Amino acid sequence: MPRLLYPIIMIILLINFTVYAHKCRIEQQGDQIIADCTRLKLTDVPTDLPIHISGLDLSYNQISLIKNNTFSSFSNLKTLTIDSNNIHTLYGDVFKGLENLRWLSIQHNQLNIFTKIFDIVIKPLLHMQHLDIRYNINKTLDIPKPMIYPYFGDVLNLTNLYMDLAQTPVFNLSGFARLSQLKTIKFARCYLKQMSNDTFVDLPSTITAIFFHDCVGKISIVEADFLKPFPSLMILNMNRVAMQLGDALQLLYPFKNTRMTSIIFKQIRPQFPKPVFITRVMINYLMYICVKTLVLAECEIVGYEQRSLLALKFPECLENLVLSGNRFAIALGPHAPELLIIMRRVINLKYFDWSYNAINYNIIDYCNIDVLENAAYAKEVYREGCQIKSAATNAYKNLNNSTLEKASMVDEYKFTIYFPGNLTFLRVSHYITSYVLYPLKIFVAKADNLRYVDFSYWQITQFPVIYSETPFNVKYLDISGLNSTILIHETSIPVFKNVQTAILKNAMLGLTTGKTGKIFKLFPAVEKLDISYNNLWYLDEDAFETNLNLSIVNIAHNLLSAIPIAMMNLPYLSKLDLSFNRLQTINKTFRDWMDKKSKKYEGTFNLSVEGNSLTCTCETSDFIRWLFSTNVVFDRINKNFSCTLTNGSESNTMDVYRRFHQQFGNCKSKQWLRLGIGLLVAFVIFTVPLAILLNFRWKITYWIYRNFRRVVEHRLERKFNYDIYLSFANDICQWVYDDFLPKVECSWHMKVCIEDRDFLIGVAKADEIANAISGSKHAVFILSESYKDNEWNKFEIERVKFEKCRNYLQKIIILVKGAKATCVPHELDDILQNVTIIDWADNETGWDKLRMALFTDSFQF
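Residues take numbers from 1 onward in each chain, read along the sequence in its written order. Restriction of local features to residues with pLDDT of at least 70 applies here, the model being predicted, together with a cutoff of 80 or more for giving and counting side-chain atom pairs; totals for whole chains, interfaces and linings are based on all residues. In computing side-chain values, all of the structure's heavy atoms are included and hydrogens and water are not.

A.B. asks: Sorry, what's going on with the sheet that holds strand 42 (residues 776-783) here?
C.D. replies: Backbone hydrogen bonds are what pair the strands of a sheet, in a parallel or an antiparallel way. Here, strands pair whenever DSSP counts at least two bridges between them. Starting at the N terminus, helices and strands are each numbered in turn, a helix being any DSSP run of H or I of at least four residues and a strand any DSSP run of E of at least two. Strands sit in the order 41-40-42-43-44 across an open sheet of 5 strands; the sheet is parallel. Since the sheet does not close on itself, it has two edges, and those belong to strand 41 (752-753) and strand 44 (835-839), each with one partner. Here strand 43 (residues 811-816) pairs with strand 44 via 5 bridges, running parallel. Its bridge partner being in strand 44, Ile813 is matched across the sheet by Thr836. Only heavy atoms enter the contact rule, under which two residues are in contact if any of them lie within 4.5 Å. Simply put, an axis is a line fit to the C-alpha atoms, just over the touching stretch for a helix, and the angle between two N-to-C directions goes from 0 to 180 degrees. The sheet strands contacting helix 19 (residues 765-774) are strand 40 (722-727), strand 41 and strand 42, and the helix crosses strand 40 at an angle near 135 degrees.

A.B. asks: Would you explain a nonpolar patch on the surface in this entry?
C.D. replies: Each patch groups residues whose relative accessible area exceeds 30% and which form no salt bridge, using 9 Å between like charges and 5 Å between nonpolar side chains of Val, Leu, Ile, Met, Phe, Trp and Tyr. To measure how exposed things are, a 1.4 Å probe is used in the Shrake-Rupley method; for residues, cover is taken only from the protein chains shown. For salt bridges, the criterion is a side-chain nitrogen of Lys or Arg within 4 Å of an Asp or Glu carboxyl oxygen. On the surface, Leu680, Phe683, Val684, Val688, Ile692 and Phe696 cluster together to form a nonpolar patch covering roughly 580 Å² of accessible area. On the basis of relative accessibility, which here comes to 43%, the residue Val684 falls in the partly exposed class. Using a 1.4 Å probe on the protein chains alone, a residue whose accessible area is under 20% of its type maximum counts as buried, one over 50% counts as exposed, and one in between counts as partly exposed.

A.B. asks: Looking at this structure, I do not really get the sheet that holds strand 36 (residues 615-616). What am I missing?
C.D. replies: Across the sheet, which stays open at both edges, the 3 strands sit in the order 36-38-39 with mixed pairing between neighbours. The outermost strands of the open sheet, each flanked by one partner alone, are strand 36 and strand 39 (650-652). Strand direction decides the pairing type here: strand 38 (residues 642-645) and strand 39, joined by 3 bridges, are antiparallel. Within the sheet, the bridge partner assigned to Cys643 lies in strand 39 and is Ser651.

A.B. asks: Please explain the side chain of Ser621 as it appears in this structure.
C.D. replies: Among the secondary structure elements, Ser621 is positioned in helix 11 (residues 621-627). Taking the relative accessible area as the measure of exposure, Ser621 reaches 12% and is therefore buried.

A.B. asks: Sorry if this is basic, but what is going on with unusual backbone geometry here?
C.D. replies: Glycine aside, residues mostly have negative phi, and peptide bonds are mostly found in the trans state. Here the phi dihedral of His108 falls at roughly 55 degrees; this positive angle occurs in a residue that is not glycine. Of note, His108 is situated in the loop between strand 7 (103-105) and helix 2 (117-122). For His108, a relative accessible area of 35% gives the class partly exposed. Despite not being glycine, Glu298 shows a phi value in the positive range, around 55 degrees. Tracing the sequence through the fold places Glu298 in the loop between strand 19 (290-297) and strand 20 (301-304). Glu298 sits in the partly exposed class, given a relative accessible area of 24%.

A.B. asks: Explain the packing of helix 19 against helix 20 (residues 791-805) here, please?
C.D. replies: Axis angle and axis distance: for two packed helices, these are the angle between their axes and the distance between the axes, and together they describe the pair. At a minimum axis separation of 10 Å, helix 19 and helix 20 run at an interaxial angle of 40 degrees. Here helix 19 lies oblique to helix 20, going by the angle between them. With respect to the hand of their crossing, helix 19 and helix 20 are arranged in right-handed fashion. Mapping the contact onto sequence places Lys765, Ala766, Ile769, Ala770, Ile773 and Ser774 in helix 19 and Trp792, Phe795, Glu796, Arg799, Val800 and Glu803 in helix 20. Three classes are used, and their members are as follows: Ala, Val, Leu, Ile, Met, Phe, Trp, Tyr, Cys and Pro are nonpolar, Asp, Glu, Lys and Arg are charged, and the others, Gly among them, are polar. The class makeup of the residues in the contact of helix 19 with helix 20 is 7 nonpolar, 1 polar and 4 charged. We call two directions roughly parallel when the angle between them is under 35 degrees, roughly antiparallel when it is over 145, roughly perpendicular when it lies between 65 and 115, and oblique otherwise. Each crossing gets its handedness from the near helix: less than a right angle anticlockwise from the far helix is left-handed, clockwise is right-handed.

A.B. asks: Help me understand the state of the cysteines in this model?
C.D. replies: Each disulfide is one covalent bond, formed between the sulfur atoms of two cysteines. We call a pair of cysteine sulfur atoms a disulfide whenever their separation is within 2.5 Å. Applying the stated rule across the entire model yields 4 disulfides. A sulfur-sulfur separation of 2.0 Å characterises the disulfide bridge that pairs Cys24 with Cys37. Sign of the S-S torsion, about 115 degrees for the bond between Cys24 and Cys37, identifies this disulfide as right-handed. Linking Cys24 in the loop between helix 1 (5-20) and strand 1 (25-29) with Cys37 in the loop between strand 2 (32-36) and strand 3 (55-57), this pair joins segments that are 13 residues apart in sequence. Like Cys37, Cys24 is buried. Cys616 shares a disulfide with Cys643; S-S distance 2.1 Å. Classification of the bridge connecting Cys616 and Cys643 rests on its S-S torsion, roughly -110 degrees, and on that basis the disulfide is left-handed. In this pair, Cys616 is assigned in strand 36 and Cys643 in strand 38, connecting sequence segments 27 residues apart.

A.B. asks: Mind showing me how you'd approach the side chain of Asn612 here?
C.D. replies: Among the secondary structure elements, Asn612 is positioned in the loop between strand 35 (606-608) and strand 36. Pairing of N or O atoms within 3.5 Å defines a polar contact, subject to two protein rules: one partner must be a possible hydrogen donor and the other a possible acceptor, and residues neighboring in sequence count only if both atoms are side-chain atoms. A distance of 3.3 Å separates a polar side-chain atom of Asn612 from the backbone nitrogen of Arg582. For Asn612, the side chain forms a polar contact with the main-chain oxygen of Val609, separated by 2.9 Å. Look past the residues within four positions of Asn612 in its chain and what remains in contact with it is Leu578, Ser579, Phe580, Asn581, Arg582, Leu583 and Ser642.

A.B. asks: Can you help me understand the environment of Glu316 in this one?
C.D. replies: With respect to the element layout, Glu316 can be found in the loop between strand 20 and strand 21 (320-322). Owing to a relative accessible area of 36%, Glu316 belongs among the partly exposed residues under this scheme. C-alpha of Glu316 to C-alpha of Val346: the two residues are 30 residues apart in sequence and 5.0 Å apart in space.

A.B. asks: Any chance you could explain helix 20 here in plain terms?
C.D. replies: Spacing of three or four residues puts side chains on the same side of an α-helix, whose turn is 3.6 residues. What a helix is expected to span follows from its residue count: subtract one and scale by 1.5 Å. When the terminal C-alpha atoms of helix 20 are compared, their 22 Å separation across 15 residues agrees well with the 21 Å that a helix rising 1.5 Å per residue should span. Among the residues making up helix 20, those that are buried are Asn793, Glu796, Ile797, Val800, Lys801, Glu803 and Lys804. An end-on view of helix 20 places all buried positions within 165 degrees of arc, on one side of the element. What points out from helix 20, more than 90 degrees from its buried face, is the exposed set Glu791 and Cys805. Residues of helix 20 that are buried in the fold lie against strand 40, helix 19, strand 42 and strand 43. In this description, the arc belongs to the directions extending from the helix axis to the C-beta atoms.

A.B. asks: Looking at this structure, I do not really get the packing of aromatic side chains. What am I missing?
C.D. replies: Two measures describe an aromatic ring pair: the distance that separates the ring centres and the angle between the ring planes. Aromatic rings from Phe, Tyr and Trp, with only the six-membered ring used for Trp, were paired whenever their centres fell within 6.5 Å, and each pair was classed as stacked if the ring planes differed by under 30 degrees, edge-to-face if by over 60, and tilted otherwise. Summed over the entire model, instances satisfying the criterion amount to 36 aromatic pairs. Taken together, a centroid distance of 6.1 Å and an interplanar angle of 85 degrees make the contact between Phe590 and Trp593 edge-to-face. Here the residue Phe590 and the residue Trp593 both occupy positions in helix 10 (residues 588-600), the gap between them amounting to 3 residues, near one helical turn. Aromatic ring contacts, followed pair by pair, group Phe114, Tyr149, Phe152, Phe171, Phe176, Phe187, Phe200, Phe212, Phe226 and Phe230 into a single cluster. Both a distance and an angle decide whether a charge sits over a ring: NZ of Lys or CZ of Arg must be within 6 Å of the ring centre and within 35 degrees of the ring normal. Between the NZ or CZ atom of Lys743 and the centre of the ring of Trp847, over which it lies, the distance is 5.8 Å.

A.B. asks: Please clarify how the pattern of salt bridges should be interpreted in this entry.
C.D. replies: A pair can form between side chains of opposite charge whenever their charged atoms are brought close. Enumeration according to the criterion identifies 21 salt bridges in this entry. In this structure, Asp848 and Arg851 form a salt bridge, with 2.4 Å as the shortest nitrogen-oxygen distance. With Asp848 and Arg851 both in helix 21 (residues 844-855) and 3 residues apart, this pair spans about one turn of that helix. Classification of Asp848 as partly exposed rests on a relative accessible area of 30%.

A.B. asks: Explain the environment of Phe740 to me, please; I cannot follow it from the model alone.
C.D. replies: Secondary-structure assignment places Phe740 in helix 17 (residues 733-747). Given a relative accessible area of 0%, Phe740 falls into the buried group. Sequence separation of Phe740 and Trp847 is 107 residues, and the distance between their C-alpha atoms is 9.4 Å. Sequence-distant contacts of Phe740, defined by excluding residues within four places in its chain, comprise Leu726, Trp735, Ile782, Leu815, Trp847 and Leu850.

So this is what it looks like as structure tokens:
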């Protein structure tokens, strides 16, 4: 081999090694080059990366130690992330040469940050601004001896510090006095036992945001000046801290009469939580703080004293309020006037979340609040509310139907809610209550800025009738978990007419398929629609005739066996999710339609079919070929979907396509074989009867003439006055006139005889019944609870039996509606074998059964 080829070969090998050795993904993000080496099962830091990278992510690998000068060649590195490895050892000069590093994260490892080596490790990082060393497994953190933190005095530009908090932390030797730029400190895996006044005295006063997360140990001592070293504090976030909510609220003492950006108390409760009742003493400091975001979530709050929770001295400062995950009514009993007043004063409130409030209890449980600690006033307030509920319940029981009907029209059952003028986000999800006794009529004031509404998973039987003095302009609406039928009334339209994103998961659309189209008409401007998890097995062709703006539709987790035709009527549809349905294939009509869509949107039409019952057989071979040739974007980039072969075994579309000719090579021969067998069978079927007819044509003609002609002519000559003679009782008259007659006479064009309308006046009733039954083609009995009470009904049955014996009456049908099937009169026992009994259900199934019984020769239910 010539020597000149050796350099070329070496260059090729070097290029291949650079591309494939480390398997990291090199991405250009703006003017930065990022190396993504996550989840590659690396045990060492790759050294063959481009030296000019500015970002390196080594998270979720198996690196246990990092030696000296490992990163020295990456002098341009600004961000370094080594999270979720098994790192237990760092050499002293591991970060040497990274003077330009701004961001370092090594959380979720096994480092001991309290060793002296850690002081040396971070010393070269002179320009570092963000340091995250949280969640490093070290059992010594839970030892009650003083733990000295590393020296951070060399990283003078540090602004964000995230670390664990020991049981007895020592900060006075850590150089925090030099960190004049430090603004945010986050504590995770908190083992702190005492929140004393001197805990943080050595931390810099420049800190404006402090976070406590996952403080699982019991905090026995809480002193009011615990946070006094931070006079400029703007954000206080405490999440999953094992302490009393009242103690957490006392920590706000140093910030009385100041401004704060956020106060977040989430899951503030001891290891064995008890119900919390908010008193005025508990919020004595909170009410004097001008705060923008206030969160009291999942804190076991069951009630609050008057002029406490909502009695803020600076309500105009509040912009975001979250009270989710508790167990109290914000407007129960004496709190209603207080709520109306505060809603008028929080003029800048934009975000309100009161979700996951499970208020569902009976009268006895409602009054029994002995579990509350120091709740003398709580008992007084709740018993007052209990008396109100008890009186309302008794009044409700004493009202009859007519009184309730009148009561629904009076103003006392209408509620006026004054929304703050700037409110844009309203979330009251997973709300369960039992103290509302009547259908609500709500008048909403100042709702024109409301954009996001979440009423999902409410336990209500009737959607409120909502009015507003200004037009509704809600853009996002989530009403998942509600029975969709309660939405169908005229007053719903103003609320939903401008919705662009509608979420109707678990809305029981599968049980109301006849009304589904009406529900979609409530959202004429919708662009994104989610109707997953609804047990839908079909959609009407005109289901989306008023939703022509739809671009994204999610019908996942339903029972569809084919793509609904209604999809083809949506001109702007660009994303369709049909995953986890029962599709076996996609027919050519829809394939051509989606190809046109993909071409229109330049290959960005998205289709999700994961989790369907796809088949890879001769009948679906065209679909398999199209799957790998179309420009449609699927939820799996490699289009590797599970499918069932002809023999019932499981495979996937990728393997089937690779073996396409082997898999479907015999399909055409099978088609020709089927064609030949079909022609042979057709020849036999047509030839044999034709030969018999030709040979015995005169005998067959004579036999037909002798045996059937007289009967046929007799039946043809008989003319009926009515198609149906209808017998029913008075308790279902309303249903007969409103539903049955319009359906049968107007839709099916059949003539029905009923006593009140078609009998002549002055003629004997028995004669009229006999004449009507003899002139009817069919007889239909509608059985109800009071059917046997009328003696004329027995006479009608006897006449029907008489006409059936004469062979003039063709069908006898019994609809069992509002009664048991055993209520069939014993007078019909003689001809029961000629009777069709239908157990009636008020849906399309019932009408289908009746139609089949009338128009087919034999049908049983």
